[in-house]
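Below are the chains, spelled out letter by letter.
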Amino acid sequence: MPDREEKAGYVAGCKQTGKAIHSGAARTVLLARDADPAVTGPLLTLCRQRGVPVRWVETMQSLGHTCALPVGAAAAALLRGPEDGFSDRHAAALK
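Worth saying up front: this structure is predicted, and the values here are computed from it rather than measured.

Caption draft 1: Here's a closer look at the side chain of Thr17. With respect to the helices and strands, the residue Thr17 is situated in helix 2 (residues 14–23). Judged by relative accessible area, which is 0%, Thr17 ranks as buried. Here the side chain of Thr17 touches Ala76 through a polar contact of 3.5 Å, landing on its backbone nitrogen. Discounting chain neighbours no more than four positions away, the residues touching Thr17 are Val11, Ala12, Val29, Leu43, Ala75, Ala76 and Ala77.

Set out below in structure tokens:
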């Protein structure tokens, strides 16, 4: 059963983002500039290998807030599929 984020067209967090990249479900990956490079580096490498576009977000706090999390997030992935509402609703918050 999909979780709340998957129903909304995105997943948040490094583990879920990595799974989305590996499975081919990630349409675009969002990475926080202020996150530890040891955390975001492997995701960036994986995106490059798989041809997944990356957008940088200034802070973990803003990415977490955009994903409706009570904490910051180092990474999130917009998912392929019919529900692309996340990018439409939150694109302005990521600039």
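Caption draft 2: Representation of the sheet that holds strand 2 (residues 26–32). Here we have 4 strands laid out as an open sheet, ordered 1-4-2-3, and mixed in their pairing. With partners counted over all chains shown, the strands left at the sheet margins are strand 1 (10–12) and strand 3 (54–57), one partner each. Each neighbouring strand pair of the sheet contributes to a mean axis angle of 20°, computed without reference to strand direction. Strand direction decides the pairing type here: strand 2 and strand 3, joined by 4 bridges, are parallel. Looking at the pairing, Leu30 lines up with Arg55 of strand 3. The sheet strands contacting helix 2 are strand 1, strand 2 and strand 4 (75–79), and the helix crosses strand 4 at an angle near 40°. Its contacts with the sheet place helix 3 (residues 37–50) against strand 2, strand 3 and strand 4, and it is angled at close to 150° to strand 2.

Caption draft 3: Focus on the pattern of salt bridges. The final tally for this structure, using the stated rule, is 1 salt bridge. The salt bridge partner of Glu58 is Arg33, with a shortest N-O separation of 3.1 Å. With Glu58 in the loop between strand 3 and helix 4 (60–66) and Arg33 in the loop between strand 2 and helix 3, this residue pair connects regions lying 25 residues apart in the sequence. Looking at Glu58, the relative accessible area reads 52%, which means it is exposed.

Caption draft 4: Just the nonpolar core, in detail. In this structure, Ala20, Ile21, Ala26, Val29, Leu31, Val52 and Ala77 are the most contacted members of the largest nonpolar core, which totals 14 residues. Those elements giving two or more residues to this core turn out to be helix 2, strand 2, helix 3 and strand 4. Residue contributions to this core peak at 4 residues, all from helix 3. Beyond its immediate sequence surroundings of up to four residues, Val29 is in contact with Thr17, Ile21, Cys47, Val52, Pro53, Val54, Arg55, Ala76 and Ala77.

Caption draft 5: Broad picture of the packing of helix 2 against helix 3. The contact between helix 2 and helix 3 brings their axes to 10 Å, and the two run at 15°. What the angle tells us is that helix 2 and helix 3 run roughly parallel. For the pair helix 2 and helix 3, the crossing hand works out as left-handed. Between helix 2 and helix 3, the residues in contact are Cys14, Thr17, Gly18, Ile21 and His22 and Val39, Leu43, Leu46, Cys47 and Arg50, respectively. Tallied by class, residues from the contact of helix 2 with helix 3 come to 6 nonpolar, 3 polar and 1 charged.

About the thresholds
- Residue positions are given per chain, counting from 1 as you read along its sequence in written order.
- Local features are withheld for residues below a pLDDT of 70 in this predicted model, meaning they are given only at 70 or higher, and side-chain atom pairs are given and counted only at 80 or more; totals for whole chains, interfaces and linings count all residues.
- Only hydrogens and water are set aside when side-chain values are computed; all heavy atoms of the structure are taken into account.
- Each helix is a run of H or I in the DSSP string that is no shorter than four residues. Each strand is a run of E no shorter than two, and both are numbered from the N terminus.
- Partly exposed describes any residue whose relative accessible area lies between the buried limit of under 20% and the exposed limit of over 50%, with all areas from a 1.4 Å probe on protein chains only and scaled to the type maximum.
- Any N or O atom pair separated by 3.5 Å or less is treated as a polar contact, with the protein-specific requirement of one donor-capable and one acceptor-capable atom, and with residues adjacent in sequence counted only for side-chain atom pairs.
- Residue contacts follow a heavy-atom distance rule, with two residues in contact if any of their heavy atoms lie within 4.5 Å.
- If DSSP finds at least two bridges between two strands, the strands pair.
- All axes are obtained by fitting lines to C-alpha atoms, using only the stretch in contact for helices, and the reported angles, taken between N-to-C directions, cover 0 to 180 degrees.
- One side-chain nitrogen of Lys or Arg within 4 Å of one carboxyl oxygen of Asp or Glu is enough to make a salt bridge.
- To define a nonpolar core, start from buried Ala, Val, Leu, Ile, Met, Phe, Trp, Tyr and Cys residues and group those joined through side-chain atoms within 4.5 Å.
- Here is the rule for angles: anything less than 35 degrees is roughly parallel, anything more than 145 is roughly antiparallel, 65 through 115 is roughly perpendicular, and the remaining ranges are oblique.
- Each crossing gets its handedness from the near helix: less than a right angle anticlockwise from the far helix is left-handed, clockwise is right-handed.
- Three classes are used, and their members are as follows: Ala, Val, Leu, Ile, Met, Phe, Trp, Tyr, Cys and Pro are nonpolar, Asp, Glu, Lys and Arg are charged, and the others, Gly among them, are polar.

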